[in-house]
Amino acid sequence: MPRKIAAGNWKMNGVQSTLAELRTLEDKHGDADIAILICPPFTLISACEDTPFDIGGQDCHPEDAGAHTGDISAEMLADAGASYVLVGHSERRTDHGETDALVATKAQAAYDAGLIAVICIGETLDEREGGNTLDVIDAQLEGSVPATADALNTVIAYEPVWAIGTGKVPTTQQIAEVHSHIRTRLSDRFADGAAFSLLYGGSVKGSNAADIFAVPHVNGALVGGASLTAQDFSPIIAALEEA
Ligand code: PEP
């Protein structure tokens, strides 16, 4: 069975005082039997070590070490206390020109460091309106997910680019179509494809979480804006616990 995961991507938000939100979340969900993953900025990873939550980086460099000013390696994330790392988030693909091939090398670096890679994929609005969504998903799955992936080292997050931070959410039928397609493709390629956790991401909120979690093959969410406060993230976690 795929593991249920409520993942929060804090992006470039959060300072020491923001950690108070995690204390509030801990009071409400500290003994949850789903995975709660927080991906804070790199500067807060070590400070999250005493929470009961899984901690992840938001990106990693494909190499272990070297002359790459400003970058961080998967090994460093693991050393700081992370057990997951996001790779291929659309903001990295857009802001930093990351290709599928680069994302695959980052995922491999994550595996080599003992981290679980959350590999993000998703179509742009033009691609959806052009009727190319499933072709884009196929290409990203093929290009971004290494042959060494399995259900223990990899989570796939389907995040339509046009839904991230916009308040626009696909219909549950649209989410169902893509998630079922991803499941089929993973099952075709990997012996344990049925066990990969598949997350939906893009404007998830307390008000739409239960409907999204009722969609077949949605095993959780990758949440941006609504993960920044316990007040907003808690109802999403609660909806996943109940799903
Ligand atoms: C994200 O950053 O991955 C994301 C889904 O953001 P938001 O929830 O704010 O749309």
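Look up a bit, the structure's there.
Residues numbered from 1 in each chain as written. Predicted model: local features only at pLDDT ≥ 70, side-chain atom pairs only at ≥ 80, totals over all residues. Heavy atoms only, no water.

Focus on the nonpolar core
Formally: By nonpolar core is meant a set of buried Ala, Val, Leu, Ile, Met, Phe, Trp, Tyr and Cys residues that side-chain atoms within 4.5 Å join together. Only protein chains enter the calculation, and the probe is 1.4 Å; a residue is then buried if its accessible area is under 20% of its type maximum, exposed if over 50%, and partly exposed in between. Here a helix means four or more residues in a row that DSSP labels H or I, a strand means two or more in a row labelled E, and each is numbered from the N terminus. Contact definition: two residues touch when any of their heavy atoms are within 4.5 Å.
Counting 61 residues, the largest nonpolar core has I38, I119, I156, I182, F213 and F233 as the members making the most contacts within it. Among the elements that make up this core, the one with the highest residue count is helix α9 (residues 230-242) (six residues). If we skip the residues at most four places from it in the chain, F233 touches A6, A7, G8, L25, I36, I38, V223, A226 and S227.

With respect to the environment of A226
Along the polypeptide, A226 turns up in the loop between β8 (220-223) and α9. With relative accessibility at 12%, the residue A226 sits in the buried group. Taking the C-alpha atoms as reference points, A226 and I236, 10 residues apart in sequence, are found 8.6 Å from one another.

Quick word on the environment of R128
Its place among the elements puts R128 in helix α5 (residues 125-129). Considered as a pair, R128 and W162 are 34 residues apart in the sequence and their alpha carbons are 9.2 Å apart. With residues near it in sequence (within four places) discarded, R128 still touches E123, T133, Y158, W162, Q174 and V178.

Observations regarding the packing of helix α8 (residues 206-213) against α9
Note the threshold: Here, axes are lines fitted to C-alpha atoms. For helices the fit covers the stretch in contact, and angles between N-to-C directions go from 0 to 180 degrees. We call two directions roughly parallel when the angle between them is under 35 degrees, roughly antiparallel when it is over 145, roughly perpendicular when it lies between 65 and 115, and oblique otherwise. Rotating anticlockwise by less than a right angle from the far helix to the near helix defines a left-handed crossing, while the corresponding clockwise rotation defines a right-handed one.
Between α8 and α9, the shortest axis-to-axis distance is 8 Å and the interhelical angle comes to 20°. By the angle between their directions, the pair α8 and α9 is classed as roughly parallel. In the packing of α8 onto α9, the handedness of the crossing is right-handed. For the pair α8 and α9, contact is made by G206, A209, A210 and F213 and by P235, I236, A239 and L240, respectively.

Comments concerning the site of the ligand
For clarity, the threshold we go by: Note on definitions. A residue lies near a molecule or strand when any single heavy atom of the residue is within 4 Å of it. Polar contacts, as counted here, are pairs of nitrogen or oxygen atoms within 3.5 Å of one another; within protein the pair requires one atom able to donate a hydrogen and one able to accept it, and residues that are adjacent in sequence qualify only if both atoms are side-chain atoms. The Shrake-Rupley method, run with a 1.4 Å probe sphere, supplies the accessible areas, and residue values consider only the shown protein chains as cover. Basically, the charged four are Asp, Glu, Lys and Arg, the nonpolar ten are Ala, Val, Leu, Ile, Met, Phe, Trp, Tyr, Cys and Pro, and anything else, Gly included, counts as polar.
Contacts to the ligand come from 14 residues, most closely from K11, E159, G165, S203 and G224. G224 has a polar backbone atom sitting 2.8 Å from an oxygen atom of the ligand. In the model, an oxygen atom of the ligand is placed 2.9 Å from a nitrogen or oxygen of the G225 main chain. Alone, the ligand offers 290 Å² of accessible surface; in the complex the protein occludes 95% of this. Considered class by class, the residues forming the shell around the ligand number four nonpolar, eight polar and two charged.

Topic: α8
Stated formally: Each direction from the helix axis to a C-beta atom contributes to the arc, which is the arc of those directions.
Turning to α8, its buried residues are N208, A209, I212 and F213. One side of α8 holds all its buried residues, which, seen down the axis, span an arc of 135°. Structural note: α8 exposes S207 and D211 on the side pointing more than 90 degrees away from its buried face. Tucked into the core, α8 has its buried residues touching α7 (172-189), β7 (197-201), β8 and α9.

Quick word on the side chain of T51
Here T51 lies in the loop between β2 (35-39) and β3 (54-57). The buried category is assigned to T51, whose relative accessible area is 9%. Only 3.0 Å separates the side chain of T51 from the backbone oxygen of C48, close enough to count as a polar contact.

Looking at the pairing of strand β5 (residues 116-121)
In plain terms, the rule: Strand pairing follows a simple DSSP-based rule, namely that at least 2 bridges must link the two strands.
Counting buried residues in β5 gives six out of six residues, a clear majority hidden from the surface. The alternating pattern of β5 places I116, V118 and C120 and A117, I119 and I121 on opposite faces, both of which are buried. As judged from the four bridges shared by strand β4 (residues 84-87) and β5, these two strands associate in the parallel manner. Within the sheet, the bridge partner assigned to V87 lies in β5 and is I119. As paired strands, β5 and strand β6 (residues 154-158) are joined by five bridges and run parallel to one another. The residue bridging C120 from the neighbouring strand is A157, located in β6.

Regarding the pairing of β7
Rule in force here: When the strands point away from the viewer, a crossover counts as right-handed if the path from the first strand over the helix to the second runs clockwise.
Burial within β7 is extensive, with five of its five residues counted as buried. Burial along β7 is two-sided: S197, L199 and G201 facing one way and L198 and Y200 facing the other are all buried. Summarising the sheet, β7 and β8 pair through two bridges and their orientation is parallel. Opposite G201, over in β8, you have L222 as the bridge partner. The β-α-β motif built from β7, the intervening α8 and the parallel element β8 has right-handed crossover chirality.

Looking at unusual backbone geometry
For S203, which is not a glycine, the phi torsion comes out positive at approximately 60°. Summarising the element assignment, S203 is placed in the loop between β7 and α8. With a phi close to 70°, H217 is a non-glycine residue in the positive phi region. Position of H217 relative to the elements: it lies in the loop between α8 and β8.

Treat this as a map of the structure, not an account of what it does.
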